[in-house]
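Working through the structure, step by step
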Amino acid sequence: MRKMRRKGLASMAVQATEPTSAVSLGPAVALSCRECGRRFPLGPIFACQECFGPVEVAYDLPTGDPEGLKKRIEAGPANIWRYAPLLPVPADVADKPNLNPGFTKLVQADRLAAELGVTGGLYVKDDSGNPTHSFKDRVVAIAVEAARAFGFTTLSCSSTGNLAGAVGAAARRAGLKSCVFIPHDLEPGKVVMAAVYGGDLVAIDGNYDDVNRFCSELIGDPLGEGWGFVNVNLRPYYGEGSKTLAYEICEQLGWRLPDQIVIPVASGSQLTKIDKGLKELIALGLVEDRPYRIFGAQAEGCSPVSAAFKAGHEVVRPQKPNTIAKSLAIGNPADGPYVLDIARRTGGAVEDVTDPQIVEAIELLARTEGIFAETAGGVTVGVTKKLIENGVLDPSLTTVVLNTGDGLKTLDAVADGPTATIRPDLDAFRAAGLAG
Ligand SMILES: *Cc1c(COP(=O)(O)O)cnc(C)c1O
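Here is a short report on the structure shown in this document.

Parameters at a glance
- Residues numbered from 1 in each chain as written.
- Predicted model: local features only at pLDDT ≥ 70, side-chain atom pairs only at ≥ 80, totals over all residues.
- Heavy atoms only, no water.
- Axes fitted to C-alpha atoms, helices over the stretch in contact; angles between N-to-C directions.
- Helix = DSSP H or I, 4+ residues; strand = E, 2+ residues; numbered from the N terminus.
- Parallel < 35°, antiparallel > 145°, perpendicular 65-115°, else oblique.
- Left-handed = near helix turned anticlockwise from the far one by under 90°.
- Contact = heavy atoms within 4.5 Å.
- Nonpolar A, V, L, I, M, F, W, Y, C, P; charged D, E, K, R; others polar.
- Buried < 20%, exposed > 50% of the residue type's maximum accessible area, 1.4 Å probe, protein only.
- Near = heavy atom within 4 Å.
- Polar contact = N/O pair within 3.5 Å; in protein donor to acceptor, adjacent residues only side chain to side chain.
- Areas by Shrake-Rupley, 256 points an atom, 1.4 Å probe, with all protein chains shown as cover.

1. A short note on the packing of helix 10 (residues 304-311) against helix 11 (residues 336-345)
One way to put it is that helix 10 packs onto helix 11 with a least axis distance of 10 Å and a crossing angle of 45°. Classified by the interaxial angle, the pair formed by helix 10 and helix 11 is oblique. For the pair helix 10 and helix 11, the crossing hand works out as right-handed. Only Gly336, Val339, Leu340, Ala343 and Arg344 of helix 11 make contact with helix 10, whose side of the interface consists of Val305, Ala308 and Phe309. Looking at the contact of helix 10 with helix 11 residue by residue, the class counts come to six nonpolar, one polar and one charged.

Put into structure tokens, the structure is as follows:
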């Protein structure tokens, strides 16, 4: 990918001559190429027809009355639809059948902070509380609205596991059909969660990058007609769902930007859109404009972006994934170069941890805060620890760490068991030495 333009907030302004969109999705006015800036009507396209760069949603956002907007948001439902004025969704979205994810807990993690030596305030944004127990419900909810608007009847995706479950559940609730694609070697918990909602689930003999390539071919084929692939032809809309993490974190901090955020990186979409969300809050006057740093977290066994960051490269060299953090196992990440750009521009970094460090971090978070994270959460907590030890992350600043999924999804990663197994009598318990 070519070097990125840094258009920043300018991309939010409405152009004088807007391509007319046949569909209406709230404040969204067009799709805009992230590379050359060319604009297109809202539709199921994901690449610029001019330069093949990725496109993103451009808005006419409600500027001018930040206090009024804040009040409107605060009076909204306790889910992502409180931010409907900032999302590509119809104004009556909250009245439609939807899983209504979001507004998950921002946990003040004082015990973890003490263990890690963080003095400036440490928070865990815990997205395990979403309807299908991962952050993917946010992005799927937005993609469902786009699918409805474009008249798709089947919802689909290529998935590392969590997305397949989120799509299956959201499709049922919305009354759509679904057919989702996963690599053949996922964790049993994720396969069950992808299958239980009753749509079609197809395991592909290959890794995620093979699955993704297959889905791109399917879109171009009559076989895939009428299908909305949430992370392929609906990707620009899907991506916007991640902005809600930025909105929620700031609102939950009392309409304040955190100083540092640690975000897991698979395709890099989530990290990229959290940055977009933070920039929007600043532009809208909902938070005070001050510097924030964004850190990306990967597993060593699939670390194409952190490898590029450390080597000072602007391009990301694909890897063959081999890690227990399967939800992050994308060897050829679509948004990798943008992640590099954001980490460098904000003074952050991209770092990785080994599989044993991931397990250690899952146990550390569980032991200190009572939060059981899936392997992706072990990656962010582990990377946070490593970045503090390396002097990269400043422990005196307010830091938010994302947990994007529930530990029940990746039970096999941890080997914890009973402290003791005893006969049901007091003597046996006394002998175990656990009382008092
Ligand atoms: C999908 C996913 C992510 C992030 O994915 P991106 O492709 O980088 O947006 C993070 N954590 C979990 C648990 C996921 O399932």
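What follows picks up the thread again.
2. Considerations on the environment of serine 32
The topology assignment puts serine 32 in strand 1 (residues 28-33). For serine 32, a relative accessible area of 3% puts it in the buried group. Through-space distance from the C-alpha of serine 32 to that of glycine 53 is 9.7 Å; in sequence the pair is 21 residues apart.

3. What about the site of the ligand?
What surrounds the ligand is a group of 15 residues, the closest being Lys136, Asn162, Ser267, Gly268 and Thr404. One of the side-chain N or O atoms of asparagine 162 is found 2.9 Å from an oxygen atom in the ligand. When isolated, the ligand has an accessible area of 380 Å², and the protein chains bury 98% of it. Of the residues assigned to the shell around the ligand, the class counts are six nonpolar, seven polar and two charged.

4. What about helix 11?
Judged by how many residues are buried, helix 11 sits mostly within the fold: eight of ten residues are covered. Within the sequence span of helix 11, burial applies to Gly336, Pro337, Tyr338, Val339, Leu340, Asp341, Ile342 and Ala343. On its buried side, helix 11 packs onto helix 9 (269-283), strand 11 (293-299), helix 10 and strand 12 (349-353). The positive-phi residue at the C-terminal boundary of helix 11 is glycine 347, with phi of around 80°.

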